Amino acid sequence: MSNLPQNTFCGRTRREFLQQLGCGFGSLPLLDLLAKESPNKLLHAFRNDPMAPKQPHFAPKAKAVIFLFMYGGPSHVDTFDYKPKLYPLDGKSIDIDTKGRGGTKKQGRVVGPKWAFKQYGQSGKWVSDLFPHLGRCVDDMAFVHSMYADSPLHGSAMLMMNSGRILSGSPCLGSWATYGLGTSNQNLPGFVVMLDKTGGPISGAKNWSSGFMPAVYQGTVLRAKGEAILDLNLPPGMSREEQRRMLDTLLQQNESHLQARADDTDLQARIQSYELAFRMQAHAPEAIDIVNESEATRTLYGLDSPRTEDFGRKCLLARRLVERGVRFVQIYSGGNHNDNNWDAHGDLVYNHTHHAGATDQPIAALLTDLKQRGLLESTIVVWGGEFGRQPTAEYAEGTGRDHNSAGFTMWLAGGGIPGGVSVGTTDELGNQAVLDPYHVKNLHATILRQLGFDANQLAYRYAGLDQKLVGVTGAEPIRALV
Amino acid sequence: MVAQQAAPQDWWAYRPLQRPAPPEVQNSQWVSNDIDRFVLARLLARGLQPAAQASKEVLIRRLTYDLLGLPPTPAEVAVFVADASPDAYDKLVDRLLQSPQYGVQWGRHWLDLVRFAETDSFERDTKKPDAWRYRDWVVDAFNKDMPYGQFLTWQLAGDELPEPTVSSMAATGYYRLGIWDDEPTNRLQAVYDDFDGIVDTTARTMLGISMGCARCHDHKKDPIKATDYYSFLAFFENLKPYNSGVDGISASIPADGAMRDHETALARFASERLAIVLRARTFAETAYAGLSPAMRVEMLDAADRACIASYSCERTDPKLLLEDRGGPNGVVKGQAVPVESETGTALRFDGDDRIDLPLLVRNSFTISFRVRSTQTGHGRDNEKGWFSGDGLVDGEVPGIVRDFGISWQGDGRILAGTGSPETFLASSSGNNDGRWHHVAFTRDRTTGRIALYVDGILAEAGEGNKDALDAPPKLTVGGLQPGGHGFRGDLDELRFYSRVLDAEEVGAEALQLRAGIVAAMAMRKEAPTGESDLRALALLRRPQVEKVQVLCARERSEKPEPSFVRIRGNAMVRGVEVKPALPEVLSSKTPTIVPPADGRTSGRRTALAQWITQPDNPLTWRVVANRLWQFHFGRGLCRTPNDFGHLGELPTHPELLDWLATEVVARGQSLKAMHRLMVTSSTYRMQCVVDQLSFAADPTNDLFWRFDRRRLGAEEIRDSMLAAAGALNLQLGGPSIYPPMPAAVLATSSRPEEAWGKSPPDQAARRSIFIHQKRSLLDPLLAAFDMADTDTSCPVRFATVQPTQALIMLNGEFAQSMARTFAARLQEGGGDLRAQIERGLAITTCRTAQPQDADRLIKLATDLRRDFQRTEADVLIRCCLVLLNANDFVYLD
């Protein structure tokens, strides 16, 4: 070690040094600056504040993401992918290759779309009668009609949509966003998940796990009513003033402990974390308290109707959270099993009427509200499920459709993504993506691109590899959208 | 200038192990053992001095957490501080290494590495069968100081030992710990994903090499080729994949020593039974003889009235089963050939033979018959539904309906039950001994009670539905009604009664007493208390071989299928054929594979274990020495303990690492000997001091000029809170526990009401390693404090600091309840507030309380009493909460 090369950090190359910090990405101006000042300061800056705001690879178009996850898999041919040729085939058996829960099939009975489609807006996009409110927003929406994924089964498909892989253990999109960007408001979690009132999706916490990254990057479950975050509320009988006194004593005890250990920034950070928690106890309830929202806003989101109240409140909270600097918000429509989510195996009409009815107005309200507040420019709204559904029936009788990961629709809005556009198509029955197919990884790369990252460069060092959301093979963003 | 390319074998970690001589150093009075020579030489070369020795209070806390994961009690601290003998520290080390809690702490480190969890992840996140046995085996192996080579060998090939035991089989649960998609999009690919988890975990954990990338292509930095990956995989490829069902991934095997105990118990049982039978016979004969002829007739009539159908199988017809008195006949499907029996003739069923009977009973009834077989039936030990076995008398209808049946399962176990709700009864096994056994199944519609007797012994009783059992349209003898599960063996004396026979009546039937029931009724008259020998018979217990379900390695056959490279990791695309072999860069020898004599497995995994554990393996011993160092000192000598390849870090003290590696082998691979060596070094006993000069020269302490402070791990924090509260239950082992899970966390599960169990409070207060490890539902406190992610091998835990941790520690129900229990404990100890707070400080900081620390808390208590009108008890609870949140509780010097 006598001949240290120039420009090294404690004998390690800069690359090695950054890797050791769990920080593998290419060029980071902030860290560069710190590194020039003192390598040791850099170490501590990163270790103590992994959520500090960070600069991405290039100037970001979006600062936040709201991912509206339609768990269970909405039927694209009944919602946003207009297939006129499908209607007259209703009830007819045709040769068609499908793969779903029921396995691989060569034939099937067509279920004609159960709703009529109309053209909306300047762009004339087709939207089914399930979404009359959203229809009025099409000029802000970009449709990807040619999505495909690796698995037509919920467990693995959910993991793929959230973490890019069909196996569990990898960080979610929200983890990557907060890892890459940090958060601009530490009084609130950077990555927030709101679940359906009927329960979580299958695989539960795996869907918002930070996998091999530290737990700071995992999603925090936020409840729309009552206690917003686990253990946020003071215990019964305890007032804020009383807790403050306790924290003051704790602070004194910790400061006294720190005296002989003054160089230990972890101890300092932990002292700070109690002050942050104390502030969070004030800020998080404020973030979910909609008492100051106007009557017009409440009506816009459908809070006056039992049908839309629940999802409407969550959409409104999403706006409030983004306003307050939260980086990534995910809202689940649908939870639990069977018809409690969009998994319409039996009665498509019942299922989709229920779920679309609960979400159409709230989502349209979210887009409208974000836009009128100037937040849509910097917020990406994403809509979709883990896959779509087949044009043919699953069972001998009924309107239920099986899963379809070979072709489905997702849409995005805001965050610099052009509105009123469509990319890619499925075949004329909506069975498979045929023109410009886009994998889930392309969707992820698109979202990361708008946040300022090259998905092929944003990496986290784990198990000897530069791990990426888009995997070793990488993926390009959808060019027409960025 | 381009450096000359070094040979791949020349990489530091692949080089043959050499034993460097510990360097000579000045200042040798600091040196306690050879470790210190290596460390000191490097320090002195950089002009640095080691930090002074830590105080005894610091040392006992450091050592107790390090070895047990628990804090020392104030009494233990006092004893150690007062012990002025020169070997006080060594005695402490010995005491701690003998504690069974040592295995809990060090077993936890290993569980992180092998990604231990008890469920499969994915949609259903199904519970693995008895995965806790693997966890217990690990804890026990550490406690017994199993030599490290044996520890690895048992996990890799404990089933291939000459005489496998429950322990050695449980060790191979190693292969079944990973994630598994029960509904994969591509089955074959999923099987290879599972194998990849095994290859990856084995390579990283035992050898410190990353093979994962070579699944798709030759490793870009390390000399590991795709052929190396698939040759390595071939050692495991004959394992039954996870998707082969419970039978493929686990086995039901006799508990250790159970067979010997069973022989003894069986002999005792036989003599007890014989004595009862003889007494009962004599009694019945006498009683019957004493009856008047009129009484005999009356009783026979009563018995006949209850018996609605009797098939004694004496008169035979190839197509019909004839009712003895002209009642409804059975229709024979197949053959049902008459064979000789102890009462004349019986009917033989060959697996395809069936007899259909009308639905003779549906309300209250008794079905009784004799059965004889040597065959093993369908179904496993742990399945109780009668429809898992071979049908004897069956009315099974698929679904949760009002059906019933009796079957022959597994190793001669009789099952019976009724449906809706599913209520199942089981006898002991071992009836497949070729002797005749009497079976009776009774059902009382008014109470729903059902009971199963074998040889007059009450096997089990339960409470089922109280409806008419009218789901089956008929009854089937010799198989299950929906088809399949045919019985192979003999049946005789089949009778249906329209009421519940009691234990004595059943006993009389079983012993074939003269006109069975009559005799029993007569006896009851003679013995009005009901305490007849027949009742004693019913209550006898046939001894069982104690069997345990073990998650373990099972192979497909003795002769494995050929193995192939799978091109770019695609399981469907085969490349060249490969044989089981070691990575080329590490060994050019062809492994010697000898299949074990029992013919169940290929012997491949034993061959792999032999190579991994041979004393000159360059990686195995370096890797384990590095891990031991890591857990004692906070970081490995090589900071990437799972990757000793080109993408990992270089060791800071390569000579020390090599010396330690040779020391593991030299000390009989005893990990406890290595602990003793490391913790008795002066290097280990340094303070966590601030020294500006050293800090400036070596800010990341690469040279070990001081001891590194660490935050306690997730389990250590929870266990310490329980210990402080005086509530910690130190019980070891057994099925996992379910401490209360906050409703808000349960709500994140897709089936909140079924997601978690409930343990009684004393069980919930056990150490965290025993908490059920469910991949999709984590204890919020453990998760917040960075417990290992269980999907891949976790070599180093994070130690994050986040505000959500503070929320859980301040407001969470667990923290609140610990503060309450802690306060109650302090109050019980008596004394005034100062005395109580001083005790609290001593418990949480493991040293004598300083006056100013106590003053601060007393002031808080006084202020809260005055300003918030709190009671004495309330303020103490709040003080306790402060103590549990303090940095000196959560950090370790």
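Each remark here, short or long, concerns the structure printed above.
Okay, so let's go over this structure. Every chain is numbered on its own, with residues counted from 1 as its sequence reads. For naming, the first written chain is A and the first written ligand is 1, with later ones following in the order written. Where local features are concerned, this predicted model is filtered to residues with pLDDT of at least 70; where side-chain atom pairs are given and counted, the filter is 80 or more; whole-chain, interface and lining totals use all residues.

**Describing the pairing of strand E4 (residues 117–120) of chain A**
Here is the key point about a regular strand: its side chains alternate between the two faces of the sheet. Residues and elements named next belong to chain A. In this sheet, strand E5 (residues 125–128) lies alongside E4 in antiparallel orientation, the contact comprising four bridges. Bridging from a neighbouring strand, Phe117 pairs with Ser128 of E5. Where E4 folds back on E5, the antiparallel hairpin that results is connected by four residues, among which Gly121 adopts a positive phi of roughly 70 degrees. Pairs of strands are assigned from DSSP output, requiring at least two bridges between the strands. Note on conventions: DSSP H or I runs of at least 4 residues are helices, E runs of at least 2 residues are strands, and numbering of each starts at the N terminus.

**A look at the interface of chain A and chain B**
In this complex, chain A contributes 67 residues to the contact, which on the side of chain B involves 74 residues. Breaking the side of chain A that touches chain B down by element, the ones donating at least two residues are helix H3 (39–48), helix H5 (154–163), strand E8 (220–221), helix H7 (240–259) and helix H8 (265–288) of chain A. The residue classification treats Ala, Val, Leu, Ile, Met, Phe, Trp, Tyr, Cys and Pro as nonpolar and Asp, Glu, Lys and Arg as charged. All others, Gly included, are polar. Here the residues of the side of chain A that touches chain B sort into 30 nonpolar, 25 polar and twelve charged. A pair of residues counts as a contact when their C-beta atoms, built from backbone coordinates, are separated by no more than 7 Å.

**Remarks on the sheet that holds strand E12 (residues 423–426) of chain B**
All names here are of chain B. A sheet is described by the order of its strands in space; here eight strands give the open sequence E3-E4-E7-E16-E9-E10-E11-E12, paired in antiparallel fashion. Edge positions in the open sheet fall to strand E3 (320–321) and E12, since each of these has one partner strand only. Taken together, the four bridges between strand E7 (residues 354–358) and strand E16 (residues 474–477) define a ladder with antiparallel strand orientation. Bridging from a neighbouring strand, Ile355 pairs with Val477 of E16.

**A look at the environment of Ser364(B)**
All names here are of chain B. Turning to its location among the elements, Ser364 is positioned in the loop between E7 and strand E8 (365–372). Along the chain, Ser364 and Tyr497 lie 133 residues apart, while their C-alpha atoms are 8.6 Å from each other. With near-sequence residues (within four places) excluded, Ser364 lies in contact with Arg443, Asp444, Arg445, Arg499 and Val500.

**Topic: helix H6 (residues 132–143) of chain B**
All names here are of chain B. In a helix, the anticipated span is given by 1.5 Å times the number of residues less one. Taking 1.5 Å of rise per residue, twelve residues should cover 16 Å, and H6 covers 17 Å from first to last C-alpha, within 8% of that figure. Most of H6 sits inside the fold, with eleven of its twelve residues counted as buried. Each residue is classed by its C-beta neighbour count within 10 Å, where at least 20 other C-beta atoms makes it buried, 12 or fewer makes it exposed, and intermediate counts make it partly exposed; the C-beta atoms are placed from backbone geometry. Turning to H6, its buried residues are Trp132, Arg133, Tyr134, Arg135, Asp136, Trp137, Val138, Val139, Ala141, Phe142 and Asn143. Packing partners of the buried residues in H6 comprise helix H5 (101–113), helix H7 (148–157), helix H8 (166–171) and strand E18 (547–551).

**Notes on the packing of helix H28 (residues 833–845) of chain B against helix H30 (residues 872–885) of chain B**
All names here are of chain B. Interhelical geometry of H28 versus H30 gives an angle of 25 degrees and a closest axis separation of 10 Å. What the angle tells us is that H28 and H30 run roughly parallel. Handedness of the H28/H30 crossing: right-handed. Contacts between H28 and H30 involve Gln836, Ile837, Gly840, Leu841 and Thr844 on the former and, on the latter, Leu876, Cys879, Cys880, Leu883 and Leu884. The residue inventory of the contact of H28 with H30, partitioned by class, reads seven nonpolar, three polar and no charged. Lines fitted to the C-alpha atoms define the axes, with helices restricted to the stretch that makes contact. Angles between their N-to-C directions range from 0 to 180 degrees. For classification, angles of less than 35 degrees are called roughly parallel, those exceeding 145 degrees roughly antiparallel, those between 65 and 115 degrees roughly perpendicular, and all remaining angles oblique. Crossing handedness is defined as follows: a turn of the near helix away from the far one that is anticlockwise and smaller than a right angle gives a left-handed crossing, while the clockwise case is right-handed.

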